[in-house]
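Listed below, chain by chain, are the residues.
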Amino acid sequence: QRLKAAVHYTVGCLCQEVEEDKEVQFSKQSIAAISEITFRQCGTAGGCFLVLCRHAKRTTVTTEDVKLLARRSNSLLKYITQKSEELASSNMEQKEKKKKKSSVAKGERTPGEQEAAVTENEDSNMA
């Protein structure tokens, strides 16, 4: 029930945004209907994900599973692909930052710092 209430609340918020943007109004009944459809569709998608994972002998739903399910809607597939790429890029950046932090914490130099140190040594040797 709490999940269903959360879906209803979120749909209501989204409908308010559309109302402000498109100057249209949603009745309480239409918001309730959209919420119910959304909730049921999520349940159906969950079952589909389960079947896809079992077929692939996996226990984890991947972005490829989500894309496969969204393939009927070009705009949804495009959106999911874009968000997936953004998340992958963000994850790579975070991993690189963690790698740099751990090397700095260990006293190791980053490649740029190593080049600067070599140049500094060469300059001091020339003097």
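Residues numbered from 1 in each chain as written. Predicted model: local features only at pLDDT ≥ 70, side-chain atom pairs only at ≥ 80, totals over all residues. Heavy atoms only, no water.

- The name that an unreviewed UniProt entry assigns to the chain is Centromere protein S, with the source organism given as Acrocephalus arundinaceus.

## Digging into the packing of helix H3 (residues 63-70) against helix H4 (residues 74-105)
Turning to step 1, where the next piece is worked out: The interhelical angle for the contact between H3 and H4, taken along N-to-C directions, is 165°, at an axis separation of 9 Å. By the criterion of interaxial angle, the relationship of H3 to H4 is roughly antiparallel. The two elements H3 and H4 meet at a crossing, and its hand is left-handed. Within the contact between the two elements, H3 uses Thr63, Val66, Lys67 and Ala70 and H4 uses Leu76, Leu77, Ile80, Thr81 and Ser84.
Turning to step 2, where the next piece is worked out: For the contact of H3 with H4, the class distribution of residues is five nonpolar, three polar and one charged. (Axes fitted to C-alpha atoms, helices over the stretch in contact; angles between N-to-C directions. Helix = DSSP H or I, 4+ residues; strand = E, 2+ residues; numbered from the N terminus. Parallel < 35°, antiparallel > 145°, perpendicular 65-115°, else oblique. Left-handed = near helix turned anticlockwise from the far one by under 90°. Contact = heavy atoms within 4.5 Å. Nonpolar A, V, L, I, M, F, W, Y, C, P; charged D, E, K, R; others polar.)

## What to know about unusual backbone geometry
Turning to step 1, where the next piece is worked out: A positive phi is found at Glu23, a non-glycine position, where the angle reads about 55°.
Turning to step 2, where the next piece is worked out: With respect to the helices, strands and loops of the structure, Glu23 is situated in the loop between helix H1 (2-22) and helix H2 (28-55).
Turning to step 3, where the next piece is worked out: At Lys57, a residue that is not glycine, the phi angle is positive and equals roughly 60°.
Turning to step 4, where the next piece is worked out: Looking at the element boundaries, Lys57 is found in the loop between H2 and H3.
Turning to step 5, where the next piece is worked out: Assessed through its relative accessible area of 79%, Lys57 is described here as exposed. (Buried < 20%, exposed > 50% of the residue type's maximum accessible area, 1.4 Å probe, protein only.)

## A short note on the pattern of salt bridges
Turning to step 1, where the next piece is worked out: One pass over the full model with this rule turns up six salt bridges.
Turning to step 2, where the next piece is worked out: A salt bridge links Arg58 to Asp65, with the nearest nitrogen and oxygen atoms 2.9 Å apart.
Turning to step 3, where the next piece is worked out: Overall, the relative accessible area of 30% leaves Arg58 in the partly exposed class.
Turning to step 4, where the next piece is worked out: Put simply, Lys4, Glu36 and Arg40 are held in one network by salt bridges that share partners. (Salt bridge = Lys/Arg side-chain N within 4 Å of Asp/Glu carboxyl O.)

## Looking at the environment of Ala33
Turning to step 1, where the next piece is worked out: In this structure, Ala33 sits in helix H2.
Turning to step 2, where the next piece is worked out: A C-alpha to C-alpha distance of 10.0 Å links Ala33 and Val11, two positions 22 residues apart in sequence.

## Side note on the packing of H2 against H3
Angle between the axes and distance between the axes are the two parameters that describe a pair of packed helices.
Turning to step 1, where the next piece is worked out: The N-to-C vectors of H2 and H3 enclose an angle of 125°; their axes lie 10 Å apart at closest approach. Considered as vectors, H2 and H3 are oriented oblique to each other. When you trace H2 past H3, the crossing you get is right-handed. On the side of H2, the interface is formed by Ala45, Cys48, Phe49, Leu52 and Cys53, while H3 contributes Asp65, Val66, Leu68 and Leu69.
Turning to step 2, where the next piece is worked out: Tallied by class, residues from the contact of H2 with H3 come to eight nonpolar, no polar and one charged.

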